[in-house]
Amino acid sequence: MSNWRDNLQSIERLGEIEQSVGLKLAANGPPQAFVGELCDILDASNNCLMQAEVVGFERGKVFLMPYGKAPVSMGLKVRASGRSMTINVGNELLGRVIDAFGQPLDEQPRPRCSEKMPLQRDKINPFKREPITERLHTGIHAIDSLLPIGKGQRIGLFAGSGVGKSVLLGMMARHLHSDINIIALIGERGREVNDFISSHLDEQTLSKSIVVVACSDDYALMRRQAVYTATTIAEYFCRQGKDVMLFMDSITRFAMAQREISLSLGEPPTARGYTPSVFSMLPGIVERAGNFKDQGSITALYTVLVEGDDFNEPVADHMRSLLDGHIVLTRELAHRGHYPAIDVLQSISRLSQQISNEDERQLSRQITALLSLYRQNKDLIELGAYQAGNNQKLDYAVERIDALQQLLIQNSNQSLPYDALIQRLKKVLQ
């Protein structure tokens, strides 16, 4: 006799689409739907056309955002899944290029990962974090010497369009000594995704990397979810005791995707059209990186695409307050052929005192003072209005500025070992 439980059938929670406005679908159900729940949009034969996520509800109406593109009409059924978004994780993802769902984009078989992790997680207790004391060497001369990065630090890379962010990310991914690289390309053009992987990631680097892609033509919900997917995968390897590098290019496009979603739901815009939910979600992403007790670490590099080269625009200003430092790339340096176009005087690492010894801090102070003094008098020097001998400190700066700048300029395949770089810098200052 069969068990009576075997004859039970699950009850489907169904709704019906009544309206489509912009990105938003409105349905009269499913009943008891919760925000973040995954739902299936069904065709007339009850086959799944696409998946959508519950993003809100009001007066008996459930609002959904679709993950894909499919013809939607009134009367289509909506079936609740009873679960929120999860991602399959495992070592099988290494060397792969996937989308926000973990589906392969590299024309290889789907990764067979047996473990699932939810994309959202609870707030991390600050006492579960370890102090950041170990220095990382990036292979970038300006960063290693003047803007040191520690294991578990969160750094922002602030730049306008076309000043070398992707090249710098590729250089760091190749030179950093990490166990795992998670590279999230959010809102990029399809051509740039392919170029970045083929041009900036060598075979060895790609073998220990996972690339998560959401292109500019993907729905806003996919671009937003790709950020959470990349962060969740980084957390999985961190819990295994691995030292993970998380590259996010760019967090600004995540903010833009969330702005699209929020405006479609009727949330009022505030600064430059960004809604309050954008600024409340950014800390939850950044705080998931760090150096953790009894685990590994997640060192995160978030690129911030500044609109119109305005480094005080709302997202850039908010990210500066959340991060442990910022590296600024300027168009002026890029136009002068100074690559990487890092403006040392506008950049800062808030952990430089903790991860540098006294000799390294003294060298950094000397170089920064020299660059600052030269910049203050640059116009006089270039006009020929400054006469040598009037200021000994300025004479010292003028004599050494060219050699110093040549050392801070490097191509994508050039990198000095850290000890050799420090010796060269000391020699320049003699």
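Residues numbered from 1 in each chain as written. Predicted model: local features only at pLDDT ≥ 70, side-chain atom pairs only at ≥ 80, totals over all residues. Heavy atoms only, no water.

Engineer: Describe the pairing of strand β1 (residues 14–21), naming the residues involved and giving the relevant values.
Structural biologist: Relative to strand β6 (residues 77–84), β1 is paired through three bridges, and the arrangement is antiparallel. Paired with G15 across the bridge in β6 is V78. Bridge analysis of β1 against strand β2 (residues 24–27) gives four bridges, and the strand direction is antiparallel. The residue bridging S20 from the neighbouring strand is L25, located in β2. In this structure, the hairpin formed by β1 and β2 is closed by a connection of two residues, where G22 is found at a positive phi of approximately 60 degrees. (Pairing = 2+ DSSP bridges. Helix = DSSP H or I, 4+ residues; strand = E, 2+ residues; numbered from the N terminus.)

Engineer: Lay out the pattern of salt bridges in plain terms, naming residues and giving numbers.
Structural biologist: With the rule as written, the count across this model stands at 26 salt bridges. For E53, the salt bridge is made with R224, and the minimal N-O distance between the two is 3.1 Å. Of this pair, E53 sits in strand β4 (residues 48–58) while R224 sits in helix α5 (residues 220–239), and the two are 171 residues apart along the sequence. Classification of E53 as buried rests on a relative accessible area of 7%. We note a salt bridge from D317 to R320, for which the minimum N-O separation is 3.3 Å. With D317 and R320 both in helix α8 (residues 314–322) and three residues apart, this pair spans about one turn of that helix. Look at D317 and you get partly exposed, because its relative accessible area is 42%. For R320, a relative accessible area of 17% gives the class buried. Shared partners join several salt bridges into a network, and the residues in it are R129, R154, E287 and D324. (Salt bridge = Lys/Arg side-chain N within 4 Å of Asp/Glu carboxyl O. Buried < 20%, exposed > 50% of the residue type's maximum accessible area, 1.4 Å probe, protein only.)

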